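Given next are the chains, with one letter for each unit.
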Protein chains: 4
Amino acid sequence: MIKVGIVGGTGYTGVELLRILVNHPDVELKVITSRSEDGLPVADMFPNLRGHTDLRFSVPDVQTLGECDVVFFATPHGVAHSLAEEILNTGARVIDLSADFRLQDAVEWEKWYGQPHGAKGILPQAVYGLPEVNRAQIKEARLIAVPGCYPTSVQLGFLPLLENNLLPEQMLIADCKSGVSGAGRGASVGSLLCEASESMMAYAVKGHRHLPEIRQGMERAAGKAVNLTFVPHLTPMIRGIHSTLYAQAPGLAEDLQALYEARYANEPFVDVMPAGSHPATRSVKGSNVCRIAVHHHAHTGQVIVLSVIDNLVKGASGQAVQNMNIMFGLAEDAGLKQVALLP
Amino acid sequence: MIKVGIVGGTGYTGVELLRILVNHPDVELKVITSRSEDGLPVADMFPNLRGHTDLRFSVPDVQTLGECDVVFFATPHGVAHSLAEEILNTGARVIDLSADFRLQDAVEWEKWYGQPHGAKGILPQAVYGLPEVNRAQIKEARLIAVPGCYPTSVQLGFLPLLENNLLPEQMLIADCKSGVSGAGRGASVGSLLCEASESMMAYAVKGHRHLPEIRQGMERAAGKAVNLTFVPHLTPMIRGIHSTLYAQAPGLAEDLQALYEARYANEPFVDVMPAGSHPATRSVKGSNVCRIAVHHHAHTGQVIVLSVIDNLVKGASGQAVQNMNIMFGLAEDAGLKQVALLP
Amino acid sequence: MIKVGIVGGTGYTGVELLRILVNHPDVELKVITSRSEDGLPVADMFPNLRGHTDLRFSVPDVQTLGECDVVFFATPHGVAHSLAEEILNTGARVIDLSADFRLQDAVEWEKWYGQPHGAKGILPQAVYGLPEVNRAQIKEARLIAVPGCYPTSVQLGFLPLLENNLLPEQMLIADCKSGVSGAGRGASVGSLLCEASESMMAYAVKGHRHLPEIRQGMERAAGKAVNLTFVPHLTPMIRGIHSTLYAQAPGLAEDLQALYEARYANEPFVDVMPAGSHPATRSVKGSNVCRIAVHHHAHTGQVIVLSVIDNLVKGASGQAVQNMNIMFGLAEDAGLKQVALLP
Amino acid sequence: MIKVGIVGGTGYTGVELLRILVNHPDVELKVITSRSEDGLPVADMFPNLRGHTDLRFSVPDVQTLGECDVVFFATPHGVAHSLAEEILNTGARVIDLSADFRLQDAVEWEKWYGQPHGAKGILPQAVYGLPEVNRAQIKEARLIAVPGCYPTSVQLGFLPLLENNLLPEQMLIADCKSGVSGAGRGASVGSLLCEASESMMAYAVKGHRHLPEIRQGMERAAGKAVNLTFVPHLTPMIRGIHSTLYAQAPGLAEDLQALYEARYANEPFVDVMPAGSHPATRSVKGSNVCRIAVHHHAHTGQVIVLSVIDNLVKGASGQAVQNMNIMFGLAEDAGLKQVALLP
């Protein structure tokens, strides 16, 4: 049994980790931390866990965390910077769900997050935890940066085109729609039901923190600079991201459907849907699957890729567990076989 | 492995059965029927099942169904009447999620459902599949009538009071709020998002088909006639039933909290919450648990019980599988360990 | 033109007052206050008002407010206590949407609100602004306590029974379902879309601040003590209250439908629906109407009244404007003719 | 008073017309037709109208309709084709909310709608009712084709760029998100609350009927062919369209903000928001306003326009009334001053 600790268990990615891990056949949950809720049974805060765990929140403590095989960080950015190295030094591995180690360029990180990068020393060993790209490195990694939710859906949608150099040097567009849980469990007026339901709006059009992360991943895949416009939208639902991706590829001769199916043929959590499909986010609600459909308008040369995930699962906690499974040589889908909740 | 067939797989209880059964460790899904969708892969209709099953809908056929150990009916009322006996004759057992065998009084059934009872011959052998009441009979049963959604939440909420004869012969009230999935997957104007969201309304105040079923169960528990007023409400959410139960018990000396905890101490799927709690339906979304809180206003003598379930799980398909587990000597929670999806 | 001021314009009742008043034919909006947003155009906070008003928030100032004919308080409780008297002294009238003057018994108020009553001197002149009961006093009033949302829907539903002494001394039940806007625009975790949508829950079963207010109104109507159990529920929608009211009236000979129709025949904002109806909250969304249906189960003697309002209109700002219209001799429905937004 | 008739009053654009017209100061509603609901009071079907109108549905009859000054068609496509000419011949004017007269090219219409064009004779006199473009012609028109919902939001968003020839001959993208009311009030599985809520999906990526209409309008404005990719999405809310528009304009020197503000300076129903804004659909819920924000990424040359409307008001019934006001020389905003319902 893998001994697991979670730092920061009071947010949505924390409770989602718990939902997955309490039923994971190879995991023993040892500790979950929260400074503010020290002593409180987690099932008192999240009653869906009643009967599934008796764990109580405790104050984060390196020694206790160090007795785990792996420690997940489900914390706001900045927290893992200050704690991850100490935990790595105990021999435990670290899987960070925050943005702290996603950008390999610390200067870029500091620009977007507006604070000094607090862990430049260990940044080089951080592996970007997108299994569909980095499975081999994940296997050997001791520090994982779990991709963001938008970056997961956008990269998985564009990868086959980029890797095959099918996109000329032109503008790519990612028009993304996210459920409100992406904004976290913090009390903010903008996330109130009365503000966010029955409405749709774009936000951060000027620039969103996930843009450099997406661009980094796309440029690695393309082997060259990529022009990307990324517009996120707040959508009146709890879970789900729908990315609608646009690329001009006028002379494209390839059979895109076959290309996508081949690229993801062996991926347990990427589902290329039949030609002409329109995946709905509810088809992945609560599951670790990314469903993709690819469309090509022959007369205009426009490629349109539709990519949906559950932002809290494949976009966060599920993908984190997928990384853990790979790191510890478990079945990659261990604990991740949940069928999406439909309706 | 238990070989399972499902008659009528295109509705919400059908897809919910599939969601549970494709991950059930002791089950092999053999057949799922639909006259209208013959030949269609079920995952084409319900894309959440892509990658989990290759089954296709087929026309119902007694011989094929008879090769199963157990056949679930997830059909509108009347269908099981005409087919259940033939299937029982093959030796397979039947678990009916419809209303066909819930009322032991066929005359009462005919009054509420407005058509002749089509299976009076086998009605006496039908066991009402509420495990918290009938576990011993379920173990021996060959024909199970799975309780309705409202009746499950109301009966579990009132049972400890009724069984202990704590309610004088007075009016009991069940004010119940149901998500829209209770109305099924049929195309009807009243269930459109634009009609049912952002609104709350009572319906069937004059009389609802679940009333005689609830009354039958409550009277069995009380050993006498019960006066019940039942008012269902359509609530703007997909899943969930919240039953708010009222009873006058002025001189009550018992510690209701202890009474409820004792009654359900060994029940794997009934969770009596701490005194003063307010269970939310989302705490059971996608899970087979019924959560109950009991309140007592000492100054007025009013008892208020709050009882929540997921109408599609404990109120239908999950309870059906719980019955199957009991009938076949499996762990009662096999395939039913899902944690509620929160948020 | 009536000159109007609003104290506390940043909450939902404040913006709702503005929505109504900017189109009111007899009103000139002079001032709207907010300490925190001093100087900000209200249309910057509430973009639905762009093009309808150029007002800016200002710090509350008695002199400026005193130049108005009437000042609305759309503030948390306690604020009107400290400011209303000064404003009354300027000659302006006060319409308070908060709870500050709703209970005539200051001791009771202090018990439920947990703080000293700050305006006992002017409490006796406060008129409870339920026009269907107090129209004559409202006409003469200088200080109005606008009823709470739950109290409005419950009292209008029970009044005809109470006034006609049709209810013996027994337990009455008000099972009420409210949209989330009733919790206000403050940032709280419980009102987040991810917490409150797709869920239903009771709250404050032990006792809610609206209970003494409802009881006060019902006892005035009945002329005697009333036993009431009141259970509010948080419902996943923005606006609307649905009150389901229960009373035992076994030997009732009256034609309740006729009784209700007669009682409200001349009320511009109470709509008694045809016998057998089930009013939906969406039928009053954005309008000042209370729709009521009355049911009687002859065999059990149970009376069930369904009463729906928009909590922000008839339950707050619309009713406040209705009071203003009466006080100033305007047409009672001036500015209040909005048709509910359906769908 | 303008005498008004409505053909086809049982859908969402029909009830929305009624909501607006019953409070229109210059209108007298004479007749509303429905073959299926002949004789039913409209307020029985749409209880929000109780107290506002006593009209009953009647079977459409040319003579009765011909006594009106103007007849609105709120019907599925094809109906106005067969009836409009007869009504025009009586002297009444026609405002058609359906798609029947939106495309001036009947062949194109037949291709997209899959049936013969039934009114080619009067097609040339149809004026496309987008007041911001065709106000002069509308004034003289006897037959108006009210623009579709998507086309209204997309055209208003692109117009200033197109009219000023700021877009080279490149691909333009309209990524549009619509509430479910756009699908109408017909009973279809896809529009059920349980199917469409808590989910986001694209649809009709291969080609949507509004594409040729948008293209026609854009090409008129640009004076040349326009390449457009249009992807509509079903969004889990009742009302609202959010169009996110993309255009590459790398060398753009213009101040787009000033350009947009100047273009719409005199338009009563187009609100250009301050630079950097993100309009939300709820800011126009129930109102006839289109709010627009324009963004320019200088480093990539990408122009992003955000355009929101209420699909049932500015996208249908409100715009229809705006056309009527222009045709009859009324104040253009008569009956259209509703403030959006927020929250």
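These numbers come from a predicted model, not from an experiment.

Thresholds, definitions, all that
- Residues numbered from 1 in each chain as written.
- Chains lettered and ligands numbered in written order.
- Predicted model: local features only at pLDDT ≥ 70, side-chain atom pairs only at ≥ 80, totals over all residues.
- Heavy atoms only, no water.
- Helix = DSSP H or I, 4+ residues; strand = E, 2+ residues; numbered from the N terminus.
- Buried < 20%, exposed > 50% of the residue type's maximum accessible area, 1.4 Å probe, protein only.
- Contact = heavy atoms within 4.5 Å.
- Areas by Shrake-Rupley, 256 points an atom, 1.4 Å probe, with all protein chains shown as cover.
- Lys, Arg positive; Asp, Glu negative; His and termini not counted.
- Charge placed at Lys NZ, Arg CZ, Asp CG, Glu CD.
- Polar contact = N/O pair within 3.5 Å; in protein donor to acceptor, adjacent residues only side chain to side chain.
- Buried area = accessible area lost by both parts, 1.4 Å probe.
- Salt bridge = Lys/Arg side-chain N within 4 Å of Asp/Glu carboxyl O.
- Nonpolar A, V, L, I, M, F, W, Y, C, P; charged D, E, K, R; others polar.
- UniProt positions renumbered as here; feature names shortened; annotations may be inferred.
- Axes fitted to C-alpha atoms, helices over the stretch in contact; angles between N-to-C directions.
- Parallel < 35°, antiparallel > 145°, perpendicular 65-115°, else oblique.
- Left-handed = near helix turned anticlockwise from the far one by under 90°.
- Least-squares fit on C-alpha atoms with pLDDT ≥ 70 in both.
- Core = buried A, V, L, I, M, F, W, Y, C linked by side-chain atoms within 4.5 Å.
- Domains from an automatic or database assignment.
- Pairing = 2+ DSSP bridges.

Visitor: What should I look at first to understand the overall build of chain A in this one?
Guide: Of regular secondary structure, chain A possesses 11 helices and 14 strands. Projected onto the principal axes, the alpha-carbon positions of chain A cover approximately 65 × 45 × 40 Å. Put simply, chain A has 343 residues, and 67% of those count as buried. Of all intrachain contacts in chain A linking residues separated by at least 6 positions in sequence, the fraction that spans at least 24 positions is 71%. With the model as given, the accessible surface of chain A reaches about 10,700 Å², and the carbon-plus-sulfur share is 48%. Placing the 27 positive and 34 negative side-chain charges of chain A at their respective mean positions leaves the two points 2 Å apart.

Visitor: Would you take a moment to explain the side chain of Ser307(B) for this structure?
Guide: All names here are of chain B. Position of Ser 307 among the secondary structure elements: in strand S14 (residues 302-309). The exposure class assigned to Ser 307 is buried, which follows from its relative accessible area of 0%. Polar contacts involving the side chain of Ser 307 include one to the main-chain carbonyl oxygen of Ser 153, which spans 2.8 Å. Ignoring any residue separated from it by four or fewer positions in sequence, one finds Ser 307 in contact with Ser 153, Gly 157, Ile 241, His 242, Ser 243, Cys 290, Arg 291 and Ile 292.

Visitor: Looking at this structure, how should I read the interface of chain D and chain A?
Guide: How large an interface is tends to be reported as the accessible area lost when its parts come together. Residue-level contacts link 41 residues of chain D with 41 residues of chain A. Taken together, the two surfaces of chain D and chain A that pack against each other cover about 3,600 Å², and 60% of this comes from carbon and sulfur. At the junction of chain D with chain A, the criterion picks out 4 salt bridges. At the junction of chain D and chain A, the tally comes to 28 residue pairs in polar contact (both at pLDDT 80 or more). Secondary-structure elements contributing two or more residues to the side of chain D that touches chain A are strand S8 (171-178), helix H8 (193-196), strand S9 (201-202), strand S10 (227-234), strand S11 (241-248), strand S13 (290-297) and strand S14 (302-309) of chain D. In terms of residue class, the side of chain D that touches chain A is made up of 19 nonpolar, 14 polar and 8 charged.

Visitor: Help me understand the UniProt feature "active site" (unreviewed entry) in chain A, please; the structure alone is not making it clear to me.
Guide: Residues and elements named next belong to chain A. Taken from the UniProt record, the annotation "active site" (unreviewed entry) applies to Cys 149. Looking at the secondary structure, you find Cys 149 in helix H7 (residues 149-163). Apart from residues lying up to four places away in sequence, Cys 149 is in contact with His 210, Ile 241, Ile 309, Asn 311 and Gly 315.

Visitor: Looking at this model, I keep getting lost on the packing of helix H7 (residues 149-163) of chain D against helix H9 (residues 210-222) of chain D. Mind explaining?
Guide: How two helices pack is summed up by the angle between their axes together with the distance between the axes. All names here are of chain D. Contact pair H7 / H9: the axes reach a minimum separation of 9 Å and the direction vectors enclose 25 degrees. Taken together, the axes of H7 and H9 are roughly parallel relative to one another. At the point where H7 passes H9, the crossing takes the right-handed sense. In this structure, H7 uses Cys 149, Tyr 150, Pro 151, Val 154, Gln 155, Phe 158, Leu 159, Leu 162 and Glu 163 to contact H9, whose residues at the interface are His 210, Glu 213, Ile 214, Gly 217, Met 218, Ala 221 and Ala 222. Along the lines of polarity and charge, the residues of the contact of H7 with H9 split into 11 nonpolar, 3 polar and 2 charged.

Visitor: Even after reading the chapter, I still don't get the relation of the copies chain D and chain A, so can you show me in this structure?
Guide: Note on the chain copies: they are related by a rotation about an axis and a translation along it. Screw-axis analysis of chain D against chain A gives a translation of 0.0 Å along the axis, an RMSD of 0.0 Å, and a rotation angle of 180 degrees. The superposition operator between the copies reduces to a two-fold rotation axis. When C-alpha distances to the rotation axis are compared across chain D, the minimum falls at Pro236(D), with a value of 3.1 Å. Comparing interface residues between copies, 100% of those in chain D also lie at the interface in chain A; the contact surface is shared.

Visitor: Even after reading the chapter, I still don't get the nonpolar core, so can you show me in this structure?
Guide: Across soluble globular proteins, nonpolar side chains show a tendency to be buried alongside one another. Residues Val4(A), Leu21(A), Phe72(A), Met324(A), Val4(C), Leu21(C) and Phe72(C) are the most contacted members of the largest nonpolar core, which totals 104 residues. Not counting chain neighbours up to four residues away, the residues in contact with Val4(A) comprise Leu21(A), Val27(A), Glu28(A), Leu29(A), Lys30(A), Val31(A), Cys68(A), Val70(A), Phe72(A) and Met324(A). Among the nonpolar cores identified, the runner-up in size contains 102 residues, and Ile144(B), Cys194(B), Ile95(D) and Ala196(D) belong to it.

Visitor: Help me understand the environment of Val294(C) in this model?
Guide: Residues and elements named next belong to chain C. Relative to the elements of secondary structure, Val 294 occurs in strand S13 (residues 290-297). Take Val 294: its relative accessible area is 8%, and that puts it in the buried class. Val 294 sits 177 residues away from His 117 along the chain, and the two C-alpha atoms are 38 Å apart. The contact partners of Val 294, leaving out residues within four places of it in the chain, are Leu 256, Gln 257, Tyr 260, Val 303, Ile 304 and Val 305.

Visitor: Would you take a moment to explain the domain arrangement of chain A for this structure?
Guide: Residue and element names in this part refer to chain A. Domain boundaries in chain A define domain 1 (2-125) and domain 2 (150-310). Between the C-alpha centres of domain 1 and domain 2 there is a distance of 27 Å. Both sides of the domain 1 and domain 2 interface together cover about 1,200 Å² of buried area, and 52% of this is carbon and sulfur. Three residues, Tyr 12, Arg 102 and Trp 112, lead the burial of domain 1 against domain 2; their summed loss comes to 48% of the area buried on that side. At the boundary of domain 1 and domain 2, one finds 3 salt bridges. Glu 213 is the partner of Arg 102 in a salt bridge, and the nearest nitrogen-oxygen pair spans 3.4 Å.

Visitor: Sorry if this is basic, but what is going on with the pattern of salt bridges here?
Guide: When the charged atoms of two side chains with opposite charge come close together, those side chains can pair. As enumerated under the stated definition, the model contains 68 salt bridges over all chains in all. Of the charged contacts in the structure, one is a salt bridge between Arg291(B) and Asp271(B), with a shortest N-O distance of 2.6 Å. Placement of Arg291(B) in strand S13 (residues 290-297) and of Asp271(B) in strand S12 (residues 270-272) is noted, with a sequence separation of 20 residues between them. Note on accessibility: Arg291(B) and Asp271(B) belong to one class, buried. It is possible to trace a salt-bridge network through shared partners that takes in Glu16(A), Arg19(A), Arg239(A) and Asp310(A).

Visitor: What am I meant to see in the interface of chain C and chain D here?
Guide: Each partner contributes to the interface: chain C provides 33 residues, whereas chain D provides 33 residues. Contact with chain D buries area across many residues of chain C, yet Arg50(C), Val339(C) and Pro343(C) alone supply 26% of it, more than any other trio. Linking chain C with chain D are 2 salt bridges, by the criterion used here. For Arg50(D), the salt bridge identified is with Asp271(C), shortest N-O distance 2.6 Å. At the junction of chain C and chain D, the tally comes to 12 residue pairs in polar contact (both at pLDDT 80 or more). Residue assignment for the side of chain C that touches chain D shows that the elements contributing at least two residues are helix H1 (12-21) and strand S12 (270-272) of chain C. When residues of the side of chain C that touches chain D are assigned to their parent elements, the largest contribution, 4 residues, is made by H1(C). Class assignment of the residues belonging to the side of chain C that touches chain D gives a composition of 16 nonpolar, 8 polar and 9 charged.

Visitor: When you look at the sheet that holds strand S1 (residues 2-7) of chain D in this model, what are you seeing that I'm missing?
Guide: Residue and element names in this part refer to chain D. Pairing in this open sheet of 7 strands is parallel, and the strands run S3-S2-S1-S4-S5-S7-S6 from one edge to the other. Only two strands of the sheet have a single partner each, and these edge strands are strand S3 (57-58) and strand S6 (126-128). As paired elements, S1 and strand S2 (residues 27-33) share 6 bridges and run parallel to each other. Its bridge partner being in S2, Ile 6 is matched across the sheet by Ile 32. Running over the sheet, helix H6 (residues 131-140) touches strand S5 (93-96), S6 and strand S7 (143-145) and is turned about 150 degrees from S6. Helix-sheet contacts for helix H11 (residues 313-327) involve S1, S2, strand S4 (70-73), S5 and S7, and the interaxial angle to S5 is about 155 degrees.

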